[in-house]
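So you can see what is in the structure, the chains are spelled out below.
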Amino acid sequence: MGILVGLLIAIGCMLGGFVAMGGHLIVIWQPWEFVIIGGMAAGTFVIANPMKTVVDSGKATMEAFSGKGPKRKDFLSLLGLIHALLREIKTKPRNEVETHFDDPANSEIFKSYPDVTKDQGLVLFICDYCRLILIGGARSHEIEGLMEEEISTHKKYALKPYNAINTVAEALPALGIVAAVLGIVKAMGALDQSPQILGGLIGAALVGTFFGVFASYGVLAPLAIKVKGVREKQCSVYTIVKQSLIAYMNGALPQVAIEHGRKGIAAADRPTIDEVEAATVPGAQNREAA
């Protein structure tokens, strides 16, 4: 929604200002200039990126428009799941706890948190490192280094759409110049025409430069930043898991361990400590009501 509002403001002010200066909107409508620039941009985008990135860029764009990312309730569910799993690890025998990680789809604990389990990559991440905790013998700093490496790799691939879109945004002004040069070439072929016709051809050529610069700095570059923000927020859940599990490995109780994870959530989305306690500690809600 924010992207659409921003585009309406940008385009409305640009066109409104042009009309206020005495310009005629019909002059800007040069569809073949747009075809040249858009076609070259799309072609270079496909050349520069594997098809998986091209498809993921479309998905990331839709996520940016919808603002799809973990919300406060999603973070609360994640902390609740981690707390439940750590409590199982601490209080029950290994053979009983392993069943949750071997088959999370049929685990009653995982089933209780559907907002988390819909992200299969996150579920696999949780299960892998909880297994390592169960096995024992590994030092916490070694596991932390391994987690950071995996998170870094995950983030690198999650941000490929941002890099791909941003690269096209950086190239668009130059592509606009290409369209403008072609327009000037066309105008040079009409030097024997009247000044009115020649002026119209030159004006049409300059629209290419205008459109390339506007599409770059007014549309694609801000869109790329939005994609980056959404994808980074999606990746933040892995850091929350890492902080909580490492704290537990270092001797923290489950309730204290998830507090380490809670602190990794941005202030705007971070549930309060009372909300986390109400969602994780049996009877906490009843005590608050009393």
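Residues numbered from 1 in each chain as written. Predicted model: local features only at pLDDT ≥ 70, side-chain atom pairs only at ≥ 80, totals over all residues. Heavy atoms only, no water.

### Remarks on the overall build of the protein
Helix and strand content of the protein: 15 helices and 0 strands. In terms of C-alpha radius of gyration, the protein reaches 27 Å, well past the compact-globule figure of 19 Å for 290 residues. In terms of overall dimensions, the protein has a C-alpha envelope of 90 × 45 × 30 Å along the principal axes. When each of the 290 residues of the protein is scored for burial, the buried share is 39%. (Helix = DSSP H or I, 4+ residues; strand = E, 2+ residues; numbered from the N terminus. Rg over C-alpha atoms; globule rule 2.2 N^0.38 Å. Buried < 20%, exposed > 50% of the residue type's maximum accessible area, 1.4 Å probe, protein only.)

### Remarks on the nonpolar core
Counting residues in hydrophobic clusters, the biggest one holds 40 residues, and the most contacted among them are Leu78, Ile89, Phe101, Ile126 and Leu245. Elements supplying a minimum of two residues to this core: helix H5 (72-91), helix H6 (94-102), helix H7 (108-111), helix H9 (120-135), helix H10 (140-158), helix H12 (195-249) and helix H13 (254-262). Among residues more than four places away in sequence, those in contact with Ile89 are Val97, Phe101, Cys130, Ile133, Leu134 and Tyr248. Residues Val54, Ala64, Val168 and Leu175 belong to the second largest nonpolar core, which totals 20 residues. (Core = buried A, V, L, I, M, F, W, Y, C linked by side-chain atoms within 4.5 Å. Contact = heavy atoms within 4.5 Å.)

### Here's the deal with the pattern of salt bridges
One pass over the full model with this rule turns up 16 salt bridges. The partner of Glu232 in a salt bridge is Lys155, with the nearest N and O atoms 4.0 Å apart. A residue pair is termed long-range when its members are at least 10 positions apart, and Glu232 in helix H12 and Lys155 in helix H10 qualify at 77 residues. What makes Lys155 partly exposed here is its relative accessible area of 34%. By sharing partners, the salt bridges in this structure join Asp56, Glu63 and Arg231 into a single network. (Salt bridge = Lys/Arg side-chain N within 4 Å of Asp/Glu carboxyl O.)

### What about the packing of helix H11 (residues 160-188) against H12?
The interhelical angle for the contact between H11 and H12, taken along N-to-C directions, is 180 degrees, at an axis separation of 8 Å. As judged from the angle between their axes, H11 and H12 are roughly antiparallel. Here the contact of H11 with H12 is composed, by residue class, of 24 nonpolar, 7 polar and 4 charged. (Axes fitted to C-alpha atoms, helices over the stretch in contact; angles between N-to-C directions. Parallel < 35°, antiparallel > 145°, perpendicular 65-115°, else oblique. Nonpolar A, V, L, I, M, F, W, Y, C, P; charged D, E, K, R; others polar.)

### Describing the confidence of the model for the protein
Averaged over the protein, the pLDDT score is 88; the fraction of residues at 70 or greater is 96%. Contacts of residues 283-290 to residues separated by more than four positions or lying in other chains number 8 contacts, the stretch itself having pLDDT below 50. (pLDDT = per-residue confidence, 0-100.)

### Here we look at the packing of aromatic side chains
Under the criterion given, the structure shown has 5 aromatic pairs. Between Phe34 and Phe211, the ring centres sit 4.6 Å apart and the planes meet at 45 degrees, which makes this aromatic pair tilted. Residue Phe34 is found in helix H3 (residues 31-48), and its partner Phe211 is found in helix H12; the two are separated by 177 residues along the sequence. (Phe/Tyr/Trp six-rings, centres within 6.5 Å; stacked < 30°, edge-to-face > 60°.)

### Regarding the layout of surface pockets
Quantified by volume, the largest pocket comes out at close to 970 Å³. Listing elements by their share of the lining of the largest pocket, those giving two or more residues are helix H4 (51-66), H5, helix H8 (114-117), H9, H10, H11 and H12. Per-class residue counts for the lining of the largest pocket are 13 nonpolar, 5 polar and 12 charged. (1 Å grid on protein atoms, 1.4 Å probe; cavity = no way out; pocket = protein on both sides within 12 Å on 5 of 7 lines; lining within 4 Å. Points joined across faces, edges and corners; volume = space filled by probe spheres on them.)

### Thoughts on H5
Its 20 residues give H5 an end-to-end C-alpha distance of 29 Å, which sits within 8% of 28 Å, the value for a rise of 1.5 Å per residue. In terms of burial, H5 is largely enclosed, as 14 of its 20 residues are buried. (Expected span 1.5 Å × (residues − 1).)

### Quick look at a nonpolar patch on the surface
There is a patch of nonpolar side chains on the surface, built from Ile184, Met188, Leu191, Ile202 and Leu206 and spanning about 430 Å² of accessible area. Mapped by element, the contributors of at least two residues to the nonpolar patch are H11 and H12. Relative to the assigned elements, Leu191 resides in the loop between H11 and H12. Judged by relative accessible area, Leu191 falls into the exposed class, the value being 53%. (Patch = residues over 30% accessible without salt bridge, like charges linked within 9 Å, V, L, I, M, F, W, Y side chains within 5 Å. Areas by Shrake-Rupley, 256 points an atom, 1.4 Å probe, with all protein chains shown as cover.)

### Concerning the side chain of His83
Residue position: His83 is located in helix H5. Here His83 is in contact with Pro254, Gln255, Ile258 and Thr280, once residues within four sequence places are set aside.

### Re the side chain of Ser216
Among the secondary structure elements, Ser216 is positioned in helix H12. Exposure remark for Ser216: the relative accessible area of 2% places this residue in the buried category. Those residues in contact with Ser216, other than ones at most four positions away along the chain, are Ala169, Glu170, Leu172, Pro173, Ala221 and Pro222.

### Let's talk about the packing of H5 against helix H14 (residues 273-280)
In contact at an axis separation of 9 Å, H5 and H14 are set at 50 degrees when each is read in the N-to-C sense. In terms of orientation, H5 and H14 fall into the oblique class. Like other packed secondary-structure pairs, H5 and H14 cross with a definite hand, here right-handed. For the pair formed by H5 and H14, the contact residues are Arg72, Leu76, Leu79, Gly80, His83 and Arg87 on the first element and Glu275, Val276, Ala279 and Thr280 on the second. Considered class by class, the residues forming the contact of H5 with H14 number 4 nonpolar, 3 polar and 3 charged. (Left-handed = near helix turned anticlockwise from the far one by under 90°.)

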